[in-house]
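Descriptive analysis of the structure
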Amino acid sequence: MTETDTAAPRQRRLVDLAPLKASPAFARLWIGGAIAGIGSQMSIVAVGLQIYAITNSTFAVGLVGGIALIPMIIAGLWGGMLADVFDRRRILIIASLTAWASTLALVALSTWDAIAQDSGGHAAVWPFYLVTTVNAVAATIAGATRSSVVPRILPPELISRATALNGISIGMMVTVGPALAGVLAATVGLPWTFAIDAVLFTAGFLGIWMLPSLPRLGERVSAGWGQVREGLAFLKRAPNIRMSFIVDIIAMTFGRPLVLFPALGATVVGGGPLTVGALTAAGAVGTLLASVFSGPVGRVHRHGLAVSRAIAVYGAFVTLFGIAVLIMMRIPHEASEGWSGIYWPALVILGLAMAGMGASDEISAIFRQTMTLKAAPDEMRGRLQGIFIVVVTGGPRLGDMYAGILASAVALWCPPLFGGLLIICLVGIITRVTRSRTGQTFRDYDDRSPTP
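Quick caveat: nothing in here was measured; it's all calculated off a predicted structure.

**Some words on helix α10 (residues 239-254)**
Between its first and last C-alpha, α10 extends 23 Å over 16 residues, near the 22 Å set by a 1.5 Å rise per residue. Within the span of α10, buried status applies to Asn 240, Ile 241, Met 243, Ser 244, Phe 245, Val 247, Asp 248, Ile 250, Ala 251, Met 252 and Thr 253.

**Let's talk about the nonpolar core**
Ranked by internal contacts, the top residues of the largest apolar core, which has 84 residues, are Ile 51, Ile 241, Leu 264, Val 269, Phe 321, Leu 384 and Leu 412. Contacts of Ile 51, omitting those with residues within four sequence positions, involve Asn 56, Ala 60, Val 61, Val 64, Val 125, Phe 128 and Tyr 129. Formed by 31 residues, the second largest nonpolar core is a distinct cluster that contains Phe 26, Ala 142, Ile 208 and Leu 211.

**Regarding the packing of helix α3 (residues 24-55) against helix α6 (residues 126-153)**
Two elements in contact, α3 and α6, have axes whose closest approach is 12 Å; the angle formed by their N-to-C orientations is 160°. Here α3 lies roughly antiparallel to α6, going by the angle between them. Considering the relative orientation of α3 and α6, their crossing is left-handed. Together, Ala 25, Phe 26, Leu 29, Gly 33, Val 47, Gln 50, Ile 51 and Ile 54 of α3 and Phe 128, Tyr 129, Thr 132, Arg 146, Val 149, Val 150 and Ile 153 of α6 make up the contact between the two elements.

**With respect to the pattern of salt bridges**
In total, this model carries two salt bridges according to the counting rule given. A salt bridge links Arg 368 to Asp 248; the shortest N-O distance between them is 3.2 Å. Here Arg 368 is found in helix α14 (residues 344-375), whereas its partner Asp 248 is found in helix α10, with 120 residues between them in sequence. Judged by its relative accessible area of 3%, Arg 368 falls in the buried class.

**Quick word on the packing of aromatic side chains**
Within this structure, the stated rule accounts for six aromatic pairs. Judged by centre distance (6.2 Å) and plane angle (35°), the ring pair of Phe 261 and Phe 321 falls under tilted. With Phe 261 in helix α11 (residues 261-268) and Phe 321 in helix α13 (residues 303-330), this residue pair connects regions lying 60 residues apart in the sequence. In terms of burial, Phe 261 and Phe 321 fall into one category: buried. Feature note: the residues Trp 100, Phe 201, Phe 205 and Trp 209 constitute an aromatic cluster, connected by ring pairs. Sitting above the plane of the Trp 209 ring, Arg 89 keeps its charged end 4.9 Å from the centroid.

**Regarding the packing of helix α4 (residues 58-85) against α6**
Packed helices, taken two at a time, are described by the angle between their axes plus the distance between the axes. Relative orientation of the contacting elements α4 and α6 amounts to 35°, with a least axis distance of 7 Å. Between α4 and α6 the crossing geometry is right-handed. The residues of α6 that touch α4, namely those facing Ala 60, Leu 63, Val 64, Ile 67, Ala 68, Pro 71, Met 72, Ala 75, Gly 76, Gly 79, Gly 80 and Ala 83, are Tyr 129, Thr 132, Thr 133, Ala 136, Val 137, Thr 140, Ile 141, Ala 144, Thr 145 and Ser 148. Here the contact of α4 with α6 is composed, by residue class, of 14 nonpolar, eight polar and no charged.

What counts, and where the lines are drawn
- Residues numbered from 1 in each chain as written.
- Predicted model: local features only at pLDDT ≥ 70, side-chain atom pairs only at ≥ 80, totals over all residues.
- Heavy atoms only, no water.
- Helix = DSSP H or I, 4+ residues; strand = E, 2+ residues; numbered from the N terminus.
- Expected span 1.5 Å × (residues − 1).
- Buried < 20%, exposed > 50% of the residue type's maximum accessible area, 1.4 Å probe, protein only.
- Core = buried A, V, L, I, M, F, W, Y, C linked by side-chain atoms within 4.5 Å.
- Contact = heavy atoms within 4.5 Å.
- Axes fitted to C-alpha atoms, helices over the stretch in contact; angles between N-to-C directions.
- Parallel < 35°, antiparallel > 145°, perpendicular 65-115°, else oblique.
- Left-handed = near helix turned anticlockwise from the far one by under 90°.
- Salt bridge = Lys/Arg side-chain N within 4 Å of Asp/Glu carboxyl O.
- Phe/Tyr/Trp six-rings, centres within 6.5 Å; stacked < 30°, edge-to-face > 60°.
- Lys NZ or Arg CZ within 6 Å of the ring centre and 35° of its normal.
- Nonpolar A, V, L, I, M, F, W, Y, C, P; charged D, E, K, R; others polar.

Here you go:
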């Protein structure tokens, strides 16, 4: 290797595209997932708007996550086990088709509500809870399986770069999807918003369909709860991976203000669906920028320390969000629907806080996911990714419940203000005092010698 070759990595600032060049299978999976993910994020925003329109209740919106939580936990554990036992491509296909069917059901339910509104009423809300739960279960299984595929189609040295690229796709999803959902909901209506998600799904399915066969490596085993228990037992012996899950649960439980967006758009900021889409997209912009400028991640080896600091920054931005809402609620202004009804100082400040949250969360996610994929053996990756998906999807749903209940009981500013302070304190303490059998803390984790 020449001097020029060794200097290039040190000078890199932008994201490394090497994983896309090294593996056509990964490239297809990444591109298709990004396109389909835009539609999925559209539906997430649209479901919140739909239920708020039916019930006029932030608590009812928060129940979307709360009701799906237990089924998602079971699906993550069971689906990760299936990914370790059977062909991962086959599991992905079945889970993706189930998610697609549930999206088509949302199209039908939203159309039913639109027809009911013409008669002065609304559709029942419980079918939306049922269908979104099925969708969440299928997405959990697909997500766990998809993540465990990456180390099979890429060399180990490219995994952190692939994780950064996934951050770009997530950034695109949650930037374009929510913004598009807000515009579509305000123009053509919610049924068409769900329908476009169903169309975009086909791109993601093609990326999955074109994967090679990915059977289990090593000896065959039987599927069952015994395999699930084996995965949990491994996690018990893996303090670094376990801590990466714990700190993320803390951040997502106490730093998740998305469920507040419909109420903020209606009463504090104005703009209705437009503000919901703009605030959600602002967080995605932060995620996207952090991923685009993720070139230096390959030079960072103290992943535990990086995660701890990134989550502390995340907590600071959550606190800023709560302070901003508190101040804006005390400033006299008139909030109403449409662009003209937006109180722009509030939207700008909250948008900046969301962008900071998105960027810091993405930095944390890059190192946490790399840690899980590199430190765990292949025969455990499906189950650990199942637990990881339960954390990254179940944590936000706990956060939705926390924010919905506290906002209803106190005020809209309360969940983010107190939640952000809790994140900073809790993560700062447990990452310093919790030690492994070797006496090292989570902050001592070194990627050059990955240990679970």
